[in-house]
Amino acid sequence: MLPVIDLVNHGSLKKANVWVGHLSLDGGDEQRQEENDYSTSLKSTRDIDAGEELLFDYGGGGGEQISNDRLLLDYGFVLPGHIDRVSISMGDLLAAVSEMEGYRAGMTDVTAEDTSRLSEFVTLLIEQATKAQEGAPLLFTSHREPTAATLAVAIGMSCRDGADLSRVLNAARGDASQMTSRIVESSNESITKGIEKMIEAAYSFEPYFAPTVVLVPGFVQKGVESLSESTGQDVETLEYLLGMLICYPLGLIMLSLPNGKVKHLFSFILGAFLLQFTIGMQWIHQLISSMVVYAMFLVLPAKTAKTLVPVFMMLYITAGHLHRQYINYLGWDMDFTGPQMVLTMKLYSLAYNLYDGELIKKGKEDRAAKKCASVAVASLPGIIEYLGYTFCFATVLAGPAYEYHYYAHACDGSLLYDKSGKPRGRIPSQIWPTVRPLLGSLLCLGIFVVGSGMYPLLDPSDPQNADPIVVTAEMLAKPAYVRYGYSWLALFFIRFKYYFAWMNAEGANNIWYAGFEGFDAKGEPKGWEVSNNIDVIQFETAPNLKTLSAAWNKKTANWLARYVYMRTGGSLFATYGMSAFWHGFYPGYYLFFMSVPLIAFCERMGRKKLTPRFDDGSKWGPYSILCRITTSLIVEYMIQPFQLLAFDWAVVNWKNYHYAGHIACVVFYLVVSNLPTPKKKEA
């Protein structure tokens, strides 16, 4: 196995121009069944130009696709998009061991004694691992990284001579009992076992769900692949970008369709198309969870559904996050978890909307129901209307997850017209509300690409495994203010990818009036806040955490405020905890969200003790400017783990600032809390 050479020589199915085979005993291709197993031949698959690099297709693209575990063992690397079950079964390894002597028969530089020693060692490892895993084939860690035993097997089976074999055995042996204990320790983690079982169960349905991807024509996929090769961008990024932009022409079609079920059906089918286009077979998660929840709405009382539906949706997204982290720890591949997070907010909210609607009909609304009365839903929507909402093409990829009330009124025409068909007011043009966020999103995309290229937070060459730029030895050797300034700029530019997605989605909703708020009692337009998910200027210049939170990811903040904060008696811990849980299970999320209440406590104390004394009421007065600078500095410090994700990276980063942000918050709170509270006349 020569992993570096194999990786360098690998080309995709389209780029490969040679293949490796064996020489037939008589040299004739018609008698390939009599090939010499110990010979090698290199044959071209097409005409090769002078000076053209020779590339192989190791991925089995011409026939049955080779799984990543085979690629790892045979060639030393894996390929994105291939069968990603990186594990080694006992049967496979035992079969390989039993055939080892035959494979080595043609290699005179490996003795039978060496082969026997390796066979015994491999068998021992397999037996120990199998026993530790109660028969389950698991020789990879929970992060899908090979264990020491697995590496020993992989390297050992590719030894070229006795000296190689001795070195492998001596290094790997040291010692086998320790390797076994590590495997046993890993196997005792119940969460690891649970994830493994869920993954195996989910994968078993692949043959049934693969045929459901029928909405994306083959020529479309080939066109994206050709565009990927010509632009140098990966296919996933292009699919997501094109999926976001295609919502605009789809929105024009939606606008022209007759109100009612036709619009709902169009919304559902085109939303399903976008999911199949961007995440392929994984679109089925959206359909399954939507249908399960609809069944729950049908059979459960609203009072019960408003609890069980959120629980089910959070469990579903939890399984998705755990699966993602299990098979691709710290990776950023596009999968179903992004759209599923949006769906979780939609159905979580709808469960409470239906419950509030029932309370209002009975005249028994509680405090939360009264505050959310404007978005309450009186009765369960029909299945077409429901699927149109859950799959809505304009929100399915990146949100915003506004309530069903707004979607339904945009589709049935009641947003703009009364029952007699008369306009409820002067209908505003949607051109500027559409063009403005579209142009803004494209600008943000450009700023993100350029800025993140200049100030990357993660290592661009290997963001998943290499240390982030901000915690490299070179960066840590620099003064704290230099490191912080670099981190501030890196995080500033990272935010623009979110600005792009949210502003783009805003325009895609506004084009068919889904983002329009409707008319007031005088028939005057209220505005276009329904689909607005970000206020860039307000966020970047926020004077406090409350303003900052209200400007960022508004519909998620709305969901947390209406359906978590209000329903838990105003618990900040429950609210920030739910937000972290919804995002996933990387330690960085929890380090950030569990630190945010510290800022909130300080802000409340400052508003009580300091604002009445120093605030002159001016938006850009000295006190206001100081608050804006302080908010930016402390939030940028606290939020770094959210992007670093890994616990060790986050802790190293904070540690090298000597936890200055946390200490500053504690000192501020202790000092300011002991100041006398200003009397009303001083305010």
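Structural notes, computed from the coordinates. Computed from a prediction, not measured in an experiment: that's the story for all the values here.

A look at the packing of aromatic side chains
In total, this model carries 44 aromatic pairs according to the counting rule given. Pairing Phe-273 with Phe-277 gives two aromatic rings, centres 6.0 Å apart and planes at 10°, and the pair type is stacked. One end of the pair, Phe-273, and the other, Phe-277, are both in helix H13 (residues 261–279), four residues apart, so they sit about a helical turn from each other. Neither Phe-273 nor Phe-277 differs from the other in exposure class; each is buried. Look at Tyr-513 and Phe-516: their rings are 6.2 Å apart centre to centre, the planes differ by 80°, and that puts the pair in the edge-to-face class. Of the two residues examined, Tyr-513 and Phe-516, each falls in the buried class. Here the aromatic residues Tyr-455, Tyr-486, Trp-488, Phe-492, Phe-493, Phe-496, Tyr-498, Tyr-499, Trp-502, Phe-539 and Trp-552 are joined through ring pairs into a cluster of three or more.

Focus: the environment of Leu-257
Residue position: Leu-257 is located in the loop between helix H12 (247–256) and H13. It is 9.4 Å that separates the C-alpha atoms of Leu-257 and Cys-411, two residues lying 154 residues apart in sequence. For Leu-257, the residues in contact, after removing those within four places along its chain, are Val-262, Lys-263 and Phe-266.

Things to note about unusual backbone geometry
Glycine aside, negative phi is the norm for most residues, and most peptide bonds take the trans geometry. Omega for the bond connecting Gly-399 with Pro-400 falls within 30 degrees of zero, at 5°, which places this linkage in the cis form. Relative to the helices and strands, Pro-400 is located in the loop between helix H18 (383–390) and helix H19 (404–412). Even without being a glycine, Leu-330 presents a positive backbone phi close to 70°. Not every positive phi belongs to a glycine, and Leu-645 is a case in point at roughly 70°.

Some words on helix H16 (residues 337–362)
Under the 1.5 Å per step criterion, the end-to-end length of H16 is 38 Å for 26 residues, consistent within 8% with the ideal 38 Å. Taken from the residues just after H16, Gly-363 is the one with a positive phi, measuring 70°.

Describing the nonpolar core
By size, the foremost hydrophobic cluster in this structure holds 114 residues, and its most contacted members are Phe-297, Val-309, Phe-393 and Trp-512. Here the element with the most residues in this core is helix H22 (residues 480–510); it accounts for 15 residues. The next biggest cluster of nonpolar side chains, apart from the first, holds 16 residues, and it includes Ile-317, Met-345, Cys-372 and Trp-582.

Conventions adopted
- Residues numbered from 1 in each chain as written.
- Predicted model: local features only at pLDDT ≥ 70, side-chain atom pairs only at ≥ 80, totals over all residues.
- Heavy atoms only, no water.
- Phe/Tyr/Trp six-rings, centres within 6.5 Å; stacked < 30°, edge-to-face > 60°.
- Helix = DSSP H or I, 4+ residues; strand = E, 2+ residues; numbered from the N terminus.
- Buried < 20%, exposed > 50% of the residue type's maximum accessible area, 1.4 Å probe, protein only.
- Contact = heavy atoms within 4.5 Å.
- Expected span 1.5 Å × (residues − 1).
- Core = buried A, V, L, I, M, F, W, Y, C linked by side-chain atoms within 4.5 Å.

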